[in-house]
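Analysis of the macromolecular model
Single-letter residue listing:
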Amino acid sequence: MVPVIRKTLLHVENTLIEGGKEAVVPLKMIAAMAVIKNPWAGRGFVENLKPEIHAAAPVLGALLTKMILDVAGSGEAVEGYGKSAVVGLDGEIEHASALIHTLRFGNHYRHAVGAKSYLAFCNTRGPANAPIMIPLMDKNDEGRRSHYLTIQCAIPDAPAADEIVIALGASIGGRPHHRIGNRYEDLKELGHDVANPAAV
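Residues numbered from 1 in each chain as written. Predicted model: local features only at pLDDT ≥ 70, side-chain atom pairs only at ≥ 80, totals over all residues. Heavy atoms only, no water.

1. Notes on helix α1 (residues 50-72)
In this model α1 runs 32 Å from its N-terminal to its C-terminal C-alpha over 23 residues, within 8% of the 33 Å that 1.5 Å per residue would give. The sharpest bend along α1 measures roughly 30° and falls at Ala56, with the proline Pro58 sitting one to four residues further on. All of the buried residues in α1 are Glu52, Ile53, Ala56, Ala57, Leu60, Gly61, Leu64, Thr65, Met67, Ile68 and Ala72. As for α1, its buried residues are in contact with β1 (5-18), β2 (21-37), α2 (93-100), α3 (103-113) and β7 (163-172). Directly beyond the C-terminal end of α1, a positive phi value near 100° is found at Gly73. (Helix = DSSP H or I, 4+ residues; strand = E, 2+ residues; numbered from the N terminus. Expected span 1.5 Å × (residues − 1). Bend = angle between axes of the 7 residues up to and from the residue. Buried < 20%, exposed > 50% of the residue type's maximum accessible area, 1.4 Å probe, protein only. Contact = heavy atoms within 4.5 Å.)

Dropping the structure here:
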């Protein structure tokens, strides 16, 4: 069962001035979104979600990845990345999670941009015009705080109660005037082993 896609959307944000100071390199953030029919809505409690995951997630991963790359110009240009899903009020949080927390979805994007990090994520439930929050981090370095970013947008008519919004996010660049260091500096200052930050 292929996903029933009602619409796709692109959100592109360019930050030229931050804190009253011009950015030496403007920050570009991109969100690619698809509004789909929730394949589990109206069916009661569905125990096995895998058939729909296997059918829909690869299609959505490929589609949204292409949308990101069309704007970014290449996978190499993408520096920060993340994913998000918002399920409508007739669905479960598990439905939002199901379609983005699978390698069948994320690996399309991960491979296309040459990433090593896991995809930062958000999965929520809400009505039409609910905030769509896509947290981002550096695609190769989870500790690079300059690329801790969040894309926030909304779709006035989505998700409907029986829909899910599926999204991928990207940044070209980090915060324009980042100056809080990175987590490795904290670990060193606190006397923790950088190679074993959780001390396990």
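2. Focus on the nonpolar core
Counting residues in hydrophobic clusters, the biggest one holds 32 residues, and the most contacted among them are Leu99, Tyr109 and Ile166. Those elements that provide at least two residues to this core are β2, α1, β3 (80-87), α2, α3 and β7. For this core, the element with the highest residue contribution is α1, accounting for 8 residues. (Core = buried A, V, L, I, M, F, W, Y, C linked by side-chain atoms within 4.5 Å.)

3. Re the environment of Gly174
With respect to the helices, strands and loops of the structure, Gly174 is situated in the loop between β7 and α4 (183-189). Taking the C-alpha atoms as reference points, Gly174 and Gly75, 99 residues apart in sequence, are found 16 Å from one another. With residues up to four places along the chain from it excluded, the contact list for Gly174 reads Leu27, Glu79, Ser146, His147 and Leu149.

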